[in-house]
Amino acid sequence: MKKKEIVVITTSGKCSWGRCIFCPFGWKESRKKSCEELEKEVREKVERVSDAEVLKFFNSGSFLDENQIPKEFRTKMIDIAAETGIREVVVEVLPQHVVMKEKEVVELLNYAKEKGVEVSFAIGLEVADDKIMAKINKPFRTKEFVEASKIIRKFGGRVRAYIMVNLPFVEDQAGMLAKSLLFCKEHADSIAILNTYARPNTELFRLWLEGRWHPLSKKEFEEIVRKALKQTGMKMEDVELYYYDYVCPPRIPKKDRVFLKGVGKEYLVHPYFNVWHDYIVKVYQPPSIKKYALFLPCAYRKPYSKSKTHRAIISRLMRLKDYAKIHQIMISNAGVIPREFENEYPFTSYDWEEWRETEEIQKEYYEVTRERLENYLREKKKRYKVFFAYLKPDSLSYKALMDAAKNVGVRVVDCVDHKLYKKLKDEGRKDVLIHQDLLDEMVRIIEKELKKHE
Ligand code: SF4
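None of these values were measured; they are calculated from a predicted model.

The rules behind each value
Residues numbered from 1 in each chain as written. Predicted model: local features only at pLDDT ≥ 70, side-chain atom pairs only at ≥ 80, totals over all residues. Heavy atoms only, no water. Pairing = 2+ DSSP bridges. Helix = DSSP H or I, 4+ residues; strand = E, 2+ residues; numbered from the N terminus. Axes fitted to C-alpha atoms, helices over the stretch in contact; angles between N-to-C directions. Contact = heavy atoms within 4.5 Å. Buried < 20%, exposed > 50% of the residue type's maximum accessible area, 1.4 Å probe, protein only. Polar contact = N/O pair within 3.5 Å; in protein donor to acceptor, adjacent residues only side chain to side chain. Parallel < 35°, antiparallel > 145°, perpendicular 65-115°, else oblique. Left-handed = near helix turned anticlockwise from the far one by under 90°. Nonpolar A, V, L, I, M, F, W, Y, C, P; charged D, E, K, R; others polar. Core = buried A, V, L, I, M, F, W, Y, C linked by side-chain atoms within 4.5 Å. Domains from an automatic or database assignment. Phe/Tyr/Trp six-rings, centres within 6.5 Å; stacked < 30°, edge-to-face > 60°. Near = heavy atom within 4 Å. Expected span 1.5 Å × (residues − 1). Arc of directions from axis to C-beta.

## Remarks on the sheet that holds strand 11 (residues 335-338)
Here comes step 1: Across the sheet, which stays open at both edges, the 5 strands sit in the order 11-10-9-13-14 with mixed pairing between neighbours. Strand pairing shows two members of the sheet lacking a second neighbour, strand 11 and strand 14 (412-414), which therefore form its edges. With strand direction ignored, the average angle separating the axes of adjacent strands in the sheet is 30°.
Here comes step 2: Sheet topology places strand 10 (residues 326-332) next to strand 11; 4 bridges connect them, and they run antiparallel. The partner of I329 across the bridge, within strand 11, is P338.
Here comes step 3: Set on the sheet, helix 12 (residues 308-317) makes contact with strand 9 (292-297) and strand 10; between it and strand 9 the angle comes to about 155°.

So, in structure tokens, the structure goes:
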């Protein structure tokens with residue numbers, strides 16, 4: 001059973017290295033906190049949790065670096081743990097600091113021992129392969145990890161290794177993970193496996209934008225872990241998995257934002273749209289209340305919900321008893337966009353100039369959109385009870401959705417009365433999708449379907 005723990009994540013000073021390609025924290029400058037400030041921070045956290053057994057203290061860099069953490073705070077933290085009945089303290093270190101400051105490590109371990117507290121030294125090994133370590137810019141190699149591990153263990157400390165799945169430059173992810181696991185089995189006492197994720201303002205984020213790295217879904221992550229464990233003969237109980245801990249929407253840094261206006265491939269598979277698509281398909285989980293998906297067209301006005309079409313659709317949908325359970329998802333050249341992201345860049349800052357479309361561009365739009373929809377439907381098909389669509393039947397988005405659904409084997413309930421749609425169009429009406437009769441029919445079809453699932 002997992003021990004009850006308190007995790008303190010603080011910023012104090014700057015990591016002495018700051019260059020690991022996936023790290024969003026290491027390069028950030030921040031004021032070095034005093035011993036009193038850190039003590040206050042830790043005590044506040046500790047007081048909020050009763051019966052905790054483990055206290056984890058992470059400062060993005062090294063607990064043993066005095067430019068980050070005052071030396072006197074080391075024993076202070078042990079005191080706080082001892083006073084509150086916490087039996088284990090975990091601190092993050094760089095192996096070179098352990099080697100350079102062996103005497104101080106021994107002092108700390110002896111002090112902790114006297115107080116009845118165990119100290120684990122967390123080291124972000126990431127991968128037990130010197131070539132990959134060099135490529136991802138780690139500040140040490142496996143040799144230094146082994147040296148540090150020997151010192152820590154010799155004097156009664158524990159080594160906690162962090163390794164990562166889905167690092168760039170790795171061809172065989174499961175094979176590499178198996179190699180790292182076997183290394184850690186020998187040189188560490190506990191192993192945490194992290195899902196690699198590219199946070200904005202990192203080198204890895206740049207690789208993602210360039211299409212040279214992509215995130216994993218939770219299922220893919222777990223499959224790689226299972227495969228690697230099998231190769232090593234280790235069991236799931238031998239490791240701890242962290243998939244969601246670092247994931248976040250791929251927010252493009254403000255300085256890199258531009259207005260994406262135009263048509264053609266550049267505006268279909270723009271890197272900004274692509275990374276968001278990866279995130280929405282692989283990482284993002286629709287809110288748990290949303291049980292039914294409803295695909296809608298995009299709109300020229302942004303955010304979409306401010307457009308005339310969306311205002312009419314939303315106001316009609318809101319009269320549904322189960323409105324809150326309907327997940328509205330827009331189909332656009334920018335991708336497949338759940339309503340909750342409509343205020344995010346780049347979805348607020350693009351115009352697809354439809355009147356400039358050529359036959360070739362339309363073909364590209366259809367193909368890219370169908371593929372994106374296939375991805376979404378494939379990943380999320382078990383997530384929703386029913387998929388609905390309220391799209392112009394003569395639009396490319398409609399064709400892309402229906403073909404994608406067929407290819408993936410998903411049923412999509414079409415909420416547009418085609419006969420009525422055609423009649424209204426033939427009458428020369430504009431904004432046919434917001435005609436009251438068509439909206440009423442949409443709601444009638446949705447209600448009928450929802451009844452079956454009550
Ligand atoms: S991963 Fe650790 S060592 Fe690397 S830059 Fe970040 S804080 Fe520094």
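## Digging into the environment of Q68
Here comes step 1: Relative to the assigned elements, Q68 resides in the loop between strand 2 (54-58) and helix 2 (71-83).
Here comes step 2: For Q68, a relative accessible area of 1% puts it in the buried group.
Here comes step 3: Q68 sits 38 residues away from S30 along the chain, and the two C-alpha atoms are 9.2 Å apart.
Here comes step 4: Not counting residues within four places of it along the chain, the set of residues in contact with Q68 comprises S12, G13, K14, C15, K32, N59, S60, G61 and S62.
Here comes step 5: From its side chain, Q68 meets the backbone oxygen of S60 in a polar contact 3.2 Å long.

## Things to note about the packing of helix 7 (residues 173-187) against helix 9 (residues 218-232)
Here comes step 1: Viewed as axis vectors pointing N to C, helix 7 and helix 9 meet at an angle of 55°, and their least axial separation amounts to 8 Å. In this view, helix 7 runs oblique relative to helix 9, as classed from their interaxial angle. Judged by the twist between their axes, the crossing of helix 7 over helix 9 is right-handed. Across from Q173, A174, G175, L177, A178, L181, L182 and K185 in helix 7, the residues of helix 9 making contact are I224, V225, K227, A228, L229, Q231 and T232.
Here comes step 2: Tallied by class, the residues present in the contact of helix 7 with helix 9 amount to 9 nonpolar, 4 polar and 2 charged.

## As for the nonpolar core
Here comes step 1: If you look at the biggest cluster of nonpolar residues, it comprises 166 residues, and the most contacted ones within it are F57, L181, I193, F295, Y390 and I446.
Here comes step 2: In terms of residue count, helix 11 (residues 271-283) provides more of this core than any other element does, 8 residues in total.
Here comes step 3: Per-domain counts for this core show at least three residues from each of domain 1 (5-198) and domain 2 (289-452).
Here comes step 4: Setting aside its immediate chain neighbours within four residues, F295 contacts I329, I331, V336, L373, Y376, L377, F387, F388, A389, Y390, L391 and L401.

## Regarding unusual backbone geometry
Here comes step 1: Here the amide bond leading from K302 into P303 is cis, since omega sits at -10°, within 30 degrees of zero.
Here comes step 2: Structurally, the position occupied by P303 is in the loop between strand 9 and helix 12.
Here comes step 3: Cis geometry marks the peptide bond from Y345 to P346; its omega dihedral reads 10°.
Here comes step 4: Its location among the elements puts P346 in the loop between strand 11 and strand 12 (350-352).
Here comes step 5: Even without being a glycine, S60 presents a positive backbone phi close to 45°.

## Some thoughts on the sheet that holds strand 6 (residues 190-195)
Here comes step 1: Ordered in space as 1-2-3-4-5-6-7, the 7 strands form an open sheet in which the pairing is parallel. Each edge of the open sheet is held by one strand with a lone partner, namely strand 1 (5-9) and strand 7 (240-242). Each neighbouring strand pair of the sheet contributes to a mean axis angle of 20°, computed without reference to strand direction.
Here comes step 2: In this sheet, strand 4 (residues 118-126) lies alongside strand 3 (residues 88-92) in parallel orientation, the contact comprising 5 bridges. Across the sheet, residue V89 finds its bridge partner in strand 4, namely V119.
Here comes step 3: Strand contacts of helix 6 (residues 142-154): strand 4 and strand 5 (158-165), with the helix running at about 150° to strand 5, the strand carrying the most contacts.

## Regarding helix 2
Here comes step 1: Along helix 2, the residues classified as buried are F73, R74, M77, I78, D79, I80 and A81.
Here comes step 2: Buried residues in helix 2 make contact with helix 1 (35-48), strand 2, strand 3, helix 4 (102-114) and strand 4.
Here comes step 3: Where helix 2 terminates, the next one or two residues include G85, which has phi positive at roughly 75°.

## Structural notes on the packing of aromatic side chains
Here comes step 1: Tallying each qualifying case throughout the model produces 24 aromatic pairs.
Here comes step 2: When the ring of F221 is compared with that of Y243, the centres are 5.6 Å apart and the planes differ by 55°; the resulting orientation is tilted. A residue pair is termed long-range when its members are at least 10 positions apart, and F221 in helix 9 and Y243 in the loop between strand 7 and strand 8 (260-262) qualify at 22 residues. The exposure classification of F221 matches that of Y243, with both residues buried.
Here comes step 3: Ring geometry for Y272 against Y345: centres 5.8 Å apart, planes inclined by 70°, an arrangement best described as edge-to-face.

## Considering the site of the ligand
Here comes step 1: Neighbouring the ligand are the residues C15, G18, R19, C20, C23, G26, S60, G61 and L94.
Here comes step 2: For the shell around the ligand, the class distribution of residues is 4 nonpolar, 4 polar and 1 charged.

## Points about helix 9
Here comes step 1: Between its first and last C-alpha, helix 9 extends 21 Å over 15 residues, near the 21 Å set by a 1.5 Å rise per residue.
Here comes step 2: Buried residues of helix 9: F221, I224, V225, A228, L229 and T232, and no others. For helix 9, the angular spread of the buried residues around the axis is 130°, confining them to a single face. Counted as exposed and oriented over 90 degrees from the buried face of helix 9: K219, K227 and K230.

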